[in-house]
Amino acid sequence: MDAPAKRSVTIDGHSTSVSLETAFWRALADLAGARGLTRAALIGQIDHARPPQIGLATALRLFVLAELRRAR
């Protein structure tokens, strides 16, 4: 277990920072690679699909969880 790490991500040409644990950063990289995307491109897709009341970090964690469940 580790504390969330803040990283900068560019979405639609705008830079933002997101804090996630290393396991989530790795999972996002793996999921992006499986789709032939960069991690930033996948994060952009997730950002566009999330409801406005859900924060980006939460949306990313929920996306990873849903993908892990789907893979079972």
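Residues numbered from 1 in each chain as written. Predicted model: local features only at pLDDT ≥ 70, side-chain atom pairs only at ≥ 80, totals over all residues. Heavy atoms only, no water.

A look at the overall build of the chain
Short version of the rule: Comment: elements are numbered from the N terminus, with helices defined as DSSP H or I runs of at least four residues and strands as E runs of at least two. Only the C-alpha atoms count toward the radius of gyration. The rule for a globule is 2.2 Å times the residue count to the power 0.38. Under the scheme applied here, a residue whose accessible area is under 20% of the maximum for its type counts as buried, over 50% as exposed, and between as partly exposed, the area being computed with a 1.4 Å probe on protein chains only. Throughout, a contact is declared for two residues whenever any of their heavy atoms are within 4.5 Å. Here the open area of atoms and residues is found with the Shrake-Rupley method and a 1.4 Å probe, where only the protein chains shown may cover a residue. Just so you know, the count uses Lys and Arg for positive and Asp and Glu for negative, and it drops His and the chain ends. Each charge is placed at NZ for Lys, CZ for Arg, CG for Asp and CD for Glu.
Within the chain, the secondary structure is distributed over three helices and two strands. Each helix and strand of the chain, placed in order from N terminus to C terminus, yields the pattern β-β-α-α-α. At 12 Å, the chain has a C-alpha radius of gyration in line with the 11 Å of a compact globule built from 72 residues. Once the C-alpha set of the chain is aligned to its principal axes, its extents read approximately 35 × 25 × 25 Å. Across the 72 residues in the chain, those meeting the buried criterion constitute 29%. Long-range pairs, those at least 24 residues apart, make up 39% of the contacts in the chain with a sequence separation of at least 6. Summing over all exposed atoms, the chain offers an accessible surface of approximately 4,800 Å²; the carbon and sulfur share of this is 55%. The positive charge centre, built from 10 side chains, and the negative charge centre, built from 6, are 3 Å apart in the chain.

Focus on the environment of Gly-55
Turning to its location among the elements, Gly-55 is positioned in the loop between helix 2 (39–49) and helix 3 (56–71). For the pair formed by Gly-55 and Gly-44, sequence separation is 11 residues and the distance between their alpha carbons is 13 Å.

Brief notes about the side chain of Asp-47
Following the sequence through the fold, Asp-47 ends up in helix 2. Setting aside residues up to four positions removed in sequence, Asp-47 forms contacts with Ile-11 and Leu-56.

Let's talk about the packing of aromatic side chains
Two aromatic rings are characterised by how far apart their centres lie and by the angle between their planes. Under the convention used in this document: Any two rings among Phe, Tyr and Trp, with Trp reduced to its six-membered ring, count as a pair given centres within 6.5 Å; such a pair is stacked if its planes are under 30 degrees apart, edge-to-face if over 60, and tilted if neither. As a reminder, the over-ring test applies to NZ of lysine and CZ of arginine, requiring each to be within 6 Å of the ring centre and within 35 degrees of the ring normal.
Per the stated rule, a full pass over the model turns up zero aromatic pairs. Here the guanidinium or amino end of Arg-61 rests over the ring plane of Phe-24, the centre of that ring lying 5.7 Å away.

Observations concerning unusual backbone geometry
Positive phi, close to 55 degrees, is recorded for Asp-12, a residue that is not glycine. For Asp-12, a relative accessible area of 56% corresponds to the exposed category.

Some words on the pairing of strand 2 (residues 14–20)
Two faces belong to every sheet, and in a regular strand the side chains alternate between them. As a reminder of what qualifies: Here, strands pair whenever DSSP counts at least two bridges between them.
The pairing of strand 1 (residues 5–11) with strand 2 spans seven bridges and is classified as antiparallel. Paired with Thr-10 across the strands is Ser-15, a residue of strand 2. A loop of two residues connects strand 1 with strand 2, the two strands running antiparallel in sequence, and Asp-12 in this loop sits at a positive phi of about 55 degrees.

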